[in-house]
Structure formats: C-alpha cells, structure tokens
Amino acid sequence: MTAIAHYPARHYLRLRLALGQLHNISPDWIVPSNGASELLTGAVRELVNLKLTYLIVPGFWDYWRALQGFGAKVKSCPFSWKRKTFFLNLDPVNPQLSGVIINNPHNPTGKLFHRDILLPLLEKFALVVVYKSFMDFFPPHEQQSLIPMMGDYPNLVIIRLLTKFG
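What comes next concerns the included structure. Bear in mind the structure is a predicted one, so any value in this text is a computation, not a measurement.

### Remarks on helix 3 (residues 61–69)
Of the residues making up helix 3, those classed as buried are Tyr63, Trp64, Ala66 and Leu67. If you follow the buried residues of helix 3, they end up packed against helix 2 (36–48), strand 1 (52–57), strand 2 (74–78), strand 3 (98–103) and strand 4 (127–131). Looking at the residues trailing helix 3, positive phi occurs at glycine 71, about 75°.

Here it is in structure tokens:
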C-alpha cells in the first residue's frame, strides 16, 4: 500500500527519458498525460489560434466536439476512402494560418496513410496534429509513424495512446 501513497512525478522525467531513448528523439518533445483527451484539448487550444482548421471526415467525433467547444473555425474535408488508392488533397487557402487534424490509421476506415502522403502536410500547414491511436495494430515494418521526423518539423504534434496496447 505504501507504493501508491504518492502521485506520479509531475514532470515524468524518467518516462520522458526512456521514451526519448526508445524513439531516438529529445525527451523535451514528449509530454505524457493522463489520457489522450488532455493532449487533444491542448492541441485544439493551439489550433483555435489559427484562422482555419481542416478536419478529415468521417472522423473521430471528439475532434469536432473539442474544436467546436473552443470556437474554432472548421473546414470539413471528405476523405474518399472507397478507392483502392487514396490520397489527401488538402490545400489550405492561407497555410501560415491553417491547421489540420488527422488520425493515422484513419478512424473509422482503418486505412493507413503512408508517410509520403502526410509529409507534404507539414509543409502546407502551420500546425499538423496526428492522432495515432491504432498504429500498433499494424506490424512494425508497416507502421508509418512521423515520430522520427519530429526534430525537423516544429509544427508537428503527435498524440499517441497506450490504451489499445499499453
């Protein structure tokens, strides 16, 4: 019982160091939380500062809820997922003042966006939020994580959950 007498370390230093080493990135770029909703709320607060947020539909309802709750202006972008080959044709009118939220793999379709599809978004948008809650369903050699690119793109936010596999 004495092991649970204290709250976890506020800054999660040991966890951030371990995750940084695992992913070969700076631990300063890692923000552990008590759930993805907390991180999504933080990302949405940043998106609200932009003029427009692009949102892939159909998509996870919490994106809409959070964006609307903070008064963000949202542009709905239908995703044609029924084709064998799929792509994201997102061209923001004002790239410096636009953001995008995308989940990879896409929920609810399960389609996995290849890095080559996602990387151009980092050049087109002021802020790109990638929500990757189901990536671990894919074998490691098929995963398309952008975590290794984080050092090159300060406009990239990746939200990763452990609830599915942790």
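Still to come is the rest of the account.
### As for the side chain of histidine 106
With respect to the helices and strands, histidine 106 occurs in the loop between strand 3 and helix 4 (115–124). One polar contact links the side chain of histidine 106 to the main-chain carbonyl oxygen of proline 58, over a distance of 2.7 Å. In contact with histidine 106, other than residues within four places in its own chain, are Ile56, Pro58, Phe79, Lys111 and Phe113.

### What about the packing of helix 2 against helix 3?
The description of two helices packed together rests on the angle between their axes and the distance between the axes. Taken N-terminus to C-terminus, the directions of helix 2 and helix 3 make an angle of 50°; their axes are 9 Å apart at the nearest point. By the criterion of interaxial angle, the relationship of helix 2 to helix 3 is oblique. Considering how the two elements wind past one another, helix 2 and helix 3 form a crossing that is right-handed. On helix 3, the residues touching Ser37, Leu40, Val44 and Leu47 of helix 2 are Asp62, Tyr63, Ala66 and Leu67. Classifying every residue of the contact of helix 2 with helix 3 gives 6 nonpolar, 1 polar and 1 charged.

Conventions and cut-offs
Residues numbered from 1 in each chain as written. Predicted model: local features only at pLDDT ≥ 70, side-chain atom pairs only at ≥ 80, totals over all residues. Heavy atoms only, no water. Buried < 20%, exposed > 50% of the residue type's maximum accessible area, 1.4 Å probe, protein only. Helix = DSSP H or I, 4+ residues; strand = E, 2+ residues; numbered from the N terminus. Contact = heavy atoms within 4.5 Å. Polar contact = N/O pair within 3.5 Å; in protein donor to acceptor, adjacent residues only side chain to side chain. Axes fitted to C-alpha atoms, helices over the stretch in contact; angles between N-to-C directions. Parallel < 35°, antiparallel > 145°, perpendicular 65-115°, else oblique. Left-handed = near helix turned anticlockwise from the far one by under 90°. Nonpolar A, V, L, I, M, F, W, Y, C, P; charged D, E, K, R; others polar.

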